[in-house]
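Tertiary structure, described
Here are the chains, one letter per residue:
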Amino acid sequence: MRSPSHSSPRRRRAWRVATPAVVLLIGALFAVSAEQSDGFDLRGGRLTDLASVVRAERDEAAQLTAEAGSLNAEVEALSTQLGDRSVKRAQDEIATLVDPAGLTEKTGPAVRVTLDDASEEARLAYEGDPNDLVVHQQDIQAVANAMWNAGAVAVTIQGQRLISTTGIKCEGNQVTLHGIPYSPPYEIVGIGDPAALEAELTTDPILATYRDYTYVPGGGVSWDMTRLDSATAPAYDGLLDLTYATPIEG
């Protein structure tokens, strides 16, 4: 084993060599960092961005708090008017309009009309316009309109309650009602005086033309009218908001 006195000079020589190398390496790192940062704090952007986010969130929170306070004040103001006579009149008017608007269930004697396309075999053998042997939206609308004209208190198509804004749209071989597509046969039910309903449905000129195509040789469209002792029309529970287009200014 060597004595400590012999190893000390070597240690001192190693440190003399290693120390300048470490200093040079640190200097190189400082130079690269300064060049990349171009004189700015490399992490300063993160801190600045975070501060901006905090300020934006604080401003939004203050705005929402102000809006909530305004809405609460409006609610309190409206609540104090609940006993006002004008509010009572408005509530009475709403109550009288809910029923004719189709927002309440109706039950009573009714007439059901069922419309259906001709069979595929009959349509293929038909020499005229193939559209003559299918049910169109105007045929369904004619039935519903005849029922309204006869004093029906409620009308349904495929079980869906009709209201004043209901649109019946033909899309291909299906009819869309309140956004839902239906395939034939189509059932239209009108609640009201059965005798009046049957009379109007029988004499309506549009429906008379439709029934002419039930007699096409080989099979035409289908028509069935049935009196019902009782039927129920559910209350309309869809959207009541009207969506419409507006012209672009300029």
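A few points on the structure. (Residues numbered from 1 in each chain as written. Predicted model: local features only at pLDDT ≥ 70, side-chain atom pairs only at ≥ 80, totals over all residues. Heavy atoms only, no water.)

**Here's the deal with the nonpolar core**
- Counting 27 residues, the largest nonpolar core has Val113, Leu115, Ile140, Val143, Met147, Ile188 and Leu201 as the members making the most contacts within it.
- Elements that contribute at least two residues to this core include exactly β1 (106–116), α5 (137–149), β2 (154–157), β5 (174–177), β7 (186–191), α6 (194–203) and α7 (205–212).
- Among the elements that make up this core, the one with the highest residue count is α5 (six residues).
- In this view, Ile188 contacts Val111, Arg112, Val113, Leu115, Ile140, Val143, Met147, Val155, Thr156 and Ile157; residues no more than four positions away in its chain are not counted.
- Counting residues in each nonpolar core, the second largest holds seven residues, with Val189, Leu228, Ala231 and Ala233 among its members. (Core = buried A, V, L, I, M, F, W, Y, C linked by side-chain atoms within 4.5 Å. Buried < 20%, exposed > 50% of the residue type's maximum accessible area, 1.4 Å probe, protein only. Helix = DSSP H or I, 4+ residues; strand = E, 2+ residues; numbered from the N terminus. Contact = heavy atoms within 4.5 Å.)

**Side note on the pattern of salt bridges**
- Enumeration according to the criterion identifies one salt bridge in this entry.
- Measuring nitrogen to oxygen at the nearest pair gives 2.7 Å for the salt bridge that ties Arg227 to Glu198. With Arg227 in strand β8 (residues 222–233) and Glu198 in helix α6, the pair connects residues that are 29 residues apart, well separated along the chain.
- Among the residues examined, Glu198 registers a relative accessible area of 21% and is labelled partly exposed. (Salt bridge = Lys/Arg side-chain N within 4 Å of Asp/Glu carboxyl O.)

**Observations concerning the environment of Thr104**
- Inspection of the secondary structure assignment puts Thr104 in the loop between α3 (85–98) and β1.
- You can call Thr104 partly exposed: its relative accessible area is 25%.
- With 129 residues separating them along the chain, Thr104 and Ala233 place their C-alpha atoms 8.7 Å apart.

**Details of the environment of Ser119**
- Along the chain, Ser119 falls in the loop between β1 and α4 (120–125).
- You can call Ser119 partly exposed: its relative accessible area is 38%.
- When the C-alpha positions of Ser119 and Ser222 are compared, they lie 9.4 Å apart, and in sequence the two are 103 residues distant.

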